[in-house]
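Residues per chain, in single letters:
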Amino acid sequence: AEQDVMKEAYVMKVRIKFSKEGPVKFVGHLDTMRYFQKAIRRANLPVAFSGGYSPHMIMSFAQPLGVGVTSDGEYFDIELTESIASKEAVRRLNEQMVDGMEIVSFVQIPDDKKSKGMSIVAGADYLSSVKNGSLPEDLAEKLEAFYAQNEICVVKKTKKSEKEVDIRPMIYKLECRDGKIYMRVAAGSVQNLKPELVTEAFVRYLGMNAEEVTFTHHRLETFAESENTEGKMILVPLDALGTEIV
């Protein structure tokens, strides 16, 4: 009966976009999740909880961010028991944010499993800046030549094994932007390429040791695949799949 009550109380699914900068980049994924659960309660949003003996906030993050990585394009989905205007929800949440965290958008998303942020993530773009060491002055040309290769093989390490993987098909764009490396790469549950694998492979391509040149990575946006008007699949920001609540 309790679960039935919860289903009746549920009204809509929303997607929240936030940015993460500064010292909070060292806060891990689980702590970030707990932080938002508290912030949502303090902001007094009409959030839905699961039914059963230990109700929990219905929340799912699209693409967990690595520790030490900053971002302009992070997302999580929640369910609401009543409607609230997007502008009002953003204002209330931002009043609860610590330095470095900012709510960017709050949109209603379709009420189907296929729209779930976690399952639709298909790409992400990053800007990687040199932290230690230096890159060649002809960075743009070197990046172009690196990207023009038919394959880019790296050793991917997991907890259980190491295997050689060709990451070239997972890099969608790679170019120099103001002395930094811009990349758009595969992300999500099907294929997922971390930006550090790309920069390490590039440094090795230059004939340098991967420890000589290290980078900081900033995620610019997280994308889903969507069909455009011509029926072609393109990448769009996750909040572009939602609508503002007025």
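Refer to the preceding data block for the structure.
Keep in mind that this is a model prediction, so the values were computed, not measured. (Residues numbered from 1 in each chain as written. Predicted model: local features only at pLDDT ≥ 70, side-chain atom pairs only at ≥ 80, totals over all residues. Heavy atoms only, no water.)

Turning our eyes to something else, we now look at the pattern of salt bridges. Oppositely charged side chains are able to pair whenever their charged atoms sit close together. One pass over the structure, following the stated rule, counts 12 salt bridges. One salt bridge in this structure joins E95 and R91, with 2.6 Å as the shortest N-O distance. Residue E95 and its partner R91 are both found in helix α3 (residues 86–96); the two are separated by 4 residues, about one turn of the helix. Using a relative accessible area of 52% as the deciding quantity, one classes E95 as exposed. Among the residues examined, R91 registers a relative accessible area of 41% and is labelled partly exposed. The residue R184 makes a salt bridge to D125 at a minimum N-O spacing of 3.6 Å. Highlighted residues: R184 in strand β9 (residues 180–186) and D125 in strand β5 (residues 121–132), separated in sequence by 59 residues. The exposure class of D125 is buried, given its relative accessible area of 6%. Salt bridges here are not isolated pairs; linked through shared partners, they connect E88, R91, R92 and E95. (Salt bridge = Lys/Arg side-chain N within 4 Å of Asp/Glu carboxyl O. Helix = DSSP H or I, 4+ residues; strand = E, 2+ residues; numbered from the N terminus. Buried < 20%, exposed > 50% of the residue type's maximum accessible area, 1.4 Å probe, protein only.)

Once that is clear, we can look at unusual backbone geometry. Although it is not a glycine, N44 adopts a positive phi angle of roughly 60°. With respect to the helices and strands, N44 occurs in the loop between α2 (29–42) and β2 (59–61). Here N44 falls in the exposed class, since its relative accessible area comes to 59%. Despite not being glycine, D178 shows a phi value in the positive range, around 50°. Mapped onto the elements, D178 comes out in the loop between β8 (171–177) and β9.

Glancing now at the pairing of strand β1 (residues 12–20). Where burial is concerned, most of β1 is hidden: 9 out of the 9 residues are buried. Where burial is concerned, the two faces of β1 agree: the one with M12, V14, I16, F18 and K20 and the one with K13, R15, K17 and S19 are both buried. Relative to strand β3 (residues 70–80), β1 runs antiparallel, the two sharing 8 bridges. Following the sheet pairing, M12 is matched in β3 by L80. One ladder, built from 8 bridges, connects β1 with strand β4 (residues 101–109); its direction is antiparallel. Bridge pairing in β4 links K13 to I109. (Pairing = 2+ DSSP bridges.)

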